[in-house]
Amino acid sequence: MAEIIQEEKGKKGGKRRPKKQSTRIDMTPMVDLMCLLITFFMLTTAFSKAKVMVITMPDKENKDDKDKNQPQIAAFRTLNIILSEGNKVYYYIGMADPKKPPLPALIKTDFSKDGIRKILLDKNRDLFTKIAEYRDKRVTGKIVVADTTLDSEIKKMKRDDKKGPIVLIKADEKAKYKDIVNIIDEMAICNIASYAIVDINSVEKDMLKNAPK
Amino acid sequence: MPKIKPPVRTPHIDMTPMVDLFSVLLIFLLLTASFRPQEAAVITTPQSISEKTAPDADLMTIFVAKDGKVYFNIDNGRDTSTHFRSKLLEKIGEQYKIKFTKAEIAKFGTMSSFGLPIKDLKTWLNTKESKDKDKLQTGIPMDSTDNQLAWWVREARLTNVGAEVAIKGDADTDYKLVKKVMDLLQDNKVNKFNLVTNLQHQEVTLKDLPPAAK
């Protein structure tokens, strides 16, 4: 323990003085420990925040007046993605109407870089190029905008988009939760303006049975 | 004459101010850090590029585990005086005609996620051994005859009006089950979900665009 030893003055001579001891404590180990703890806390607090992905579903009650209010969408713009067992992804373009044969063929693809992403990028070329160029300009410093402005600008571009695909995501009963998250993620990566998660219908279920394995 | 040798001294830096500063930092970090509460089940979330962080208060979370069990969690709210959890338990107790004691309600207020039928809730609260506690966690029933999860969601929505809803599903859960949870939430007028994911960076640039087909 550190003690303060007062120097006794004025007593010279025979008496043995107690040995002069340093009053300093070596704080190095303490500092070491503190550094470690601080680093630990800083790192853990920053990384423990969970990330979320927000999806908004249409209100269920509006389903009743579906026929009246639903916007008419061009069939060639619709891209149907069907998720199935074992991370398989199928897609077809247009509408599958049993009254108007032939039914479109399901094309099999996957979640890899050259899979569904290539198709989405190809379909969404105009909007994707626009957004990517805007981002590039910002990165290279040609335009200076705040993060919020960037977000609203991109939102505006998405809203004004009239050419890009309208993606309908349908999941088979055997699909995993991961697949849905992956496909919504793909939408975000490819800057798809409009997409929705919808229920699979019986026609598509039949198509899936005959689809390439 | 011999040279006068200066006494050899080890250089000594006064570390006191440094230590002071570090102490302050450490105390600050310790107090502000919110530790991740013990979760009822191990859930590996799927990965996404989303960088949005989950709100740290006013959040209702529904856990969907790999084995199909469903757990529920709600926090006490940003304001420490609100005690949403305790209020929620009282309401649920009224609904199912179970009387919880004050101690039980207080205890429930400090806990986190749970997944068990309401009838087992009292036993669960009074069990001390964590092993026995885990045995009681059989998932919240959500069959059409007795949809307890719907009750939890409904009452939680009424207790904490501003609460957001998060779904934390295991990557390998069947989508069917998650869909069921989503449908249930939509029946309770929740149309915006936060899907809890792990961050994974992926970048796509103009170079990745496939060549245009002419």
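Residues numbered from 1 in each chain as written. Chains lettered and ligands numbered in written order. Predicted model: local features only at pLDDT ≥ 70, side-chain atom pairs only at ≥ 80, totals over all residues.

K.L.:
Even after reading the chapter, I still don't get the overall build of chain A, so can you show me in this structure?
P.N.:
On a plain count of helices and strands, chain A comes out with seven helices and six strands. Each helix and strand of chain A, ordered N terminal to C terminal, gives the series α-β-α-β-β-β-α-α-α-β-α-β-α. When contacts within chain A are restricted to residue pairs at least 6 apart in sequence, long-range pairs at least 24 apart make up 66% of them. (Helix = DSSP H or I, 4+ residues; strand = E, 2+ residues; numbered from the N terminus. Contact = placed C-beta atoms within 7 Å.)

K.L.:
Whenever I open this one, the overall build of chain B confuses me. Can you help?
P.N.:
Counting its regular elements, chain B contains seven helices and six strands. Taken from N to C terminus, the helices and strands of chain B fall in the order α-β-β-β-β-α-α-α-α-α-β-α-β. Scaling as 2.2 N^0.38, a compact globule of 214 residues should have a C-alpha radius of gyration of about 17 Å, whereas chain B reaches 26 Å, well beyond that. Each principal axis of the C-alpha atoms in chain B carries an extent, and together these give about 105 × 75 × 30 Å. Here chain B holds 214 residues, and the buried ones make up 26% of them. Taking contacts inside chain B between residues at least 6 apart in sequence as the whole, the part at least 24 apart equals 64%. (Rg over C-alpha atoms; globule rule 2.2 N^0.38 Å. Buried ≥ 20, exposed ≤ 12 C-beta atoms within 10 Å, placed from the backbone.)

K.L.:
Help me understand the pairing of strand 6 (residues 194-198) of chain A, please; the structure alone is not making it clear to me.
P.N.:
In the case of a regular strand, side chains alternate between the two sheet surfaces. Residues and elements named next belong to chain A. Of the pairings in the sheet, the one linking strand 5 (residues 166-171) to strand 6 comprises five bridges and is parallel in character. Looking at strand 6, one finds that Lys 170 is bridged to Val 198. As for the winding sense of the linkage, the β-α-β connection from strand 5 through helix 6 (residues 177-189) to strand 6 is right-handed. (Pairing = 2+ DSSP bridges. Right-handed = clockwise from strand over helix to strand, strands pointing away.)

K.L.:
Would you explain the confidence of the model for chain A in this entry?
P.N.:
In low-pLDDT segments, the atomic positions of the prediction should not be examined closely. Mean pLDDT over chain A works out to 78, with 84% of the residues at or above the 70 mark. At the low end of the mean pLDDT range in chain A sits helix 2 (residues 66-69) of chain A, at 54; at the high end sits helix 6 of chain A, at 88. (pLDDT = per-residue confidence, 0-100.)

K.L.:
Whenever I open this one, the interface of chain B and chain A confuses me. Can you help?
P.N.:
How big an interface is tends to be expressed through the accessible area that disappears when the partners come together. Between chain B and chain A, the contact holds 47 residues from the first and 43 residues from the second. For the side of chain B that touches chain A, the secondary-structure elements that each account for two or more residues are helix 1 (16-32), strand 2 (52-53), strand 5 (164-169), helix 7 (175-187) and strand 6 (192-199) of chain B. For the side of chain B that touches chain A, the element with the highest residue contribution is strand 6 of chain B, accounting for eight residues. For the side of chain B that touches chain A, the per-class residue count stands at 25 nonpolar, 13 polar and nine charged. Here six bridges tie strand 1 (residues 51-56) of chain A to strand 6 of chain B, and the two strands are oriented antiparallel to one another. Across the sheet, the residue bridging to Ile55(A) is Phe193(B), located in strand 6 of chain B. (Nonpolar A, V, L, I, M, F, W, Y, C, P; charged D, E, K, R; others polar.)

K.L.:
Help me out: how do you make sense of unusual backbone geometry in this one?
P.N.:
Outside of glycine, negative phi angles account for most residues, and trans bonds account for most peptide bonds. The backbone phi angle of Asn191(A) is positive, close to 55 degrees, even though this residue is not glycine. Among the structural elements, Asn191(A) can be located in the loop between helix 6 and strand 6. Judged by local crowding, Asn191(A) falls into the buried class, with 22 C-beta atoms found within 10 Å. One non-glycine residue with positive phi stands out, namely Lys189(B), at about 65 degrees. Here Lys189(B) is to be found in the loop between helix 7 and strand 6. A residue is classified by how many C-beta atoms lie within 10 Å of it, and Lys189(B), with 12 of them, is exposed.

K.L.:
For this particular structure, what's the right way to read the domain arrangement of chain A?
P.N.:
All names here are of chain A. Annotation of chain A at the domain level lists domain 1 (73-122 + 165-213) and domain 2 (125-163). Look at where the C-alpha atoms of domain 1 and domain 2 centre, and you get two points 27 Å apart. Contact residues are listed per partner, giving five residues for domain 1 and six residues for domain 2. Grouping the constituent residues of the side of domain 1 that touches domain 2 by class yields three nonpolar, one polar and one charged. (Domains from an automatic or database assignment.)

K.L.:
Mind showing me how you'd approach the environment of Asp67(B) here?
P.N.:
Residue and element names in this part refer to chain B. One can find Asp 67 in the loop between strand 3 (59-64) and strand 4 (70-74). Judged by local crowding, Asp 67 falls into the exposed class, with 9 C-beta atoms found within 10 Å. In this structure, the C-alpha to C-alpha distance between Asp 67 and Thr 173, residues 106 residues apart in sequence, is 7.4 Å.

K.L.:
Before we go on, may I ask you to explain the sheet that holds strand 3 (residues 88-93) of chain A in this structure?
P.N.:
By definition, the strands of a sheet pair up through backbone hydrogen bonds, in either a parallel or an antiparallel sense. Residues and elements named next belong to chain A. Pairing is mixed in the open sheet, where five strands are placed in the order 4-3-2-5-6. In the strand order of this sheet, the two ends are held by strand 4 (107-109) and strand 6, each with one partner. Adjacent strand axes in the sheet meet at a mean angle of 25 degrees, parallel and antiparallel pairs treated alike. In this structure, strand 2 (residues 78-84) lies alongside strand 3, joined through six bridges in antiparallel fashion. Bridge pairing in strand 3 places Asn 80 opposite Tyr 92. (Axes fitted to C-alpha atoms, helices over the stretch in contact; angles between N-to-C directions.)

K.L.:
I'm lost on the confidence of the model for chain B in this one. Help?
P.N.:
Residue and element names in this part refer to chain B. Confidence along chain B averages 83 in pLDDT terms, with 96% of residues attaining 70 or more. Across chain B, element-level confidence peaks in strand 5 with a mean pLDDT of 90 and bottoms out in helix 5 (residues 130-136) with 80. Note on the complex model: pTM 0.75, ipTM 0.76.

K.L.:
Where do I start with the pairing of strand 4 of chain B in this structure?
P.N.:
Residue and element names in this part refer to chain B. When you tally the buried positions in strand 4, you get five out of five residues, the bulk of the element. Here strand 4 shows no split at all, with Val 70, Phe 72 and Ile 74 on one side and Tyr 71 and Asn 73 on the other all buried. Pairing geometry for strand 3 and strand 4, over five bridges, is antiparallel. The residue bridging Phe 63 from the neighbouring strand is Tyr 71, located in strand 4. Here strand 3 hands over to strand 4 after five residues, with Gly 68 in that stretch at a positive phi of 90 degrees.

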